[in-house]
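So you can see what is in the structure, the chains are spelled out below.
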Amino acid sequence: MRGHGRPLLAALFNVSRQRVLQITRRPSFPEPMARLIGTTIWDADEVDEWAKHNRPPRPTEGDDDR
């Protein structure tokens, strides 16, 4: 089982840490698999599945919106 903390979520979603707090508070966002002192961890597979349906796709190299 893989886990994602807030810093990794920020990198994955390409957003600020403050935005991660907003995203993770959404009712549709998966429940954390662990709440540790100073950090919260979400199941990576659940986050990936949630992102498929709730986050716009990230641009990839070669994408050009000119």
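Model, not experiment: these values are computed from the prediction. (Residues numbered from 1 in each chain as written. Predicted model: local features only at pLDDT ≥ 70, side-chain atom pairs only at ≥ 80, totals over all residues. Heavy atoms only, no water.)

**Q** Sorry, what's going on with the overall build of the protein here?
**A** Looking only at helices and strands, one finds 3 helices and 3 strands in the protein. Ordered by position from N to C terminus, the α and β elements of the protein give β-α-α-β-β-α. Across the 66 residues of the protein, 29% fall into the buried class. In the protein, the share of contacts with a sequence separation of at least 24, taken over all contacts with a separation of at least 6, comes to 52%. Surface summary for the protein: the accessible area is close to 5100 Å², and the carbon and sulfur share equals 50%. (Helix = DSSP H or I, 4+ residues; strand = E, 2+ residues; numbered from the N terminus. Buried < 20%, exposed > 50% of the residue type's maximum accessible area, 1.4 Å probe, protein only. Contact = heavy atoms within 4.5 Å. Areas by Shrake-Rupley, 256 points an atom, 1.4 Å probe, with all protein chains shown as cover.)

**Q** Would you take a moment to explain the side chain of Thr-24 for this structure?
**A** Looking at the element boundaries, Thr-24 is found in helix H2 (residues 17-24). Engagement of the side chain of Thr-24 in a polar contact is seen with the backbone oxygen of Leu-21, the distance being 3.2 Å. Once residues lying within four places of it in the same chain are set aside, the contact partners of Thr-24 are Arg-6, Leu-9, Phe-29 and Trp-42. (Polar contact = N/O pair within 3.5 Å; in protein donor to acceptor, adjacent residues only side chain to side chain.)

**Q** For this particular structure, what's the right way to read the nonpolar core?
**A** Side chains of nonpolar character tend, in soluble globular proteins, to be buried together. Of all hydrophobic cores here, the largest spans 10 residues; its members are Leu-9, Ala-10, Phe-13, Val-20, Ile-23, Phe-29, Trp-42, Val-47, Trp-50 and Ala-51. Among the elements of the structure, helix H1 (6-13), H2 and helix H3 (44-54) are those that each provide at least two residues to this core. (Core = buried A, V, L, I, M, F, W, Y, C linked by side-chain atoms within 4.5 Å.)

**Q** Would you mind showing me how to read the packing of aromatic side chains here?
**A** We describe a pair of aromatic rings using the distance from one ring centre to the other and the angle between the two ring planes. Counted under the stated rule, the structure contains 3 aromatic pairs. A ring pair is formed by Phe-13 and Trp-50, whose centres lie 6.0 Å apart and whose planes are at 50°; its orientation type is tilted. Here Trp-50 lies in helix H3 and Phe-13 lies in helix H1, a separation of 37 residues in the sequence. Residue Trp-50 is classed as buried on the basis of its relative accessible area, which comes to 6%. Pairing Phe-29 with Trp-50 gives two aromatic rings, centres 4.8 Å apart and planes at 70°, and the pair type is edge-to-face. Remark: Trp-50 occurs in helix H3 and Phe-29 occurs in the loop between H2 and strand E2 (34-36); sequence separation between them is 21 residues. Accessibility assignment for this pair places Phe-29 and Trp-50 in one class, buried. Joined through ring pairs, the aromatic side chains of Phe-13, Phe-29, Trp-42 and Trp-50 make up one cluster. (Phe/Tyr/Trp six-rings, centres within 6.5 Å; stacked < 30°, edge-to-face > 60°.)

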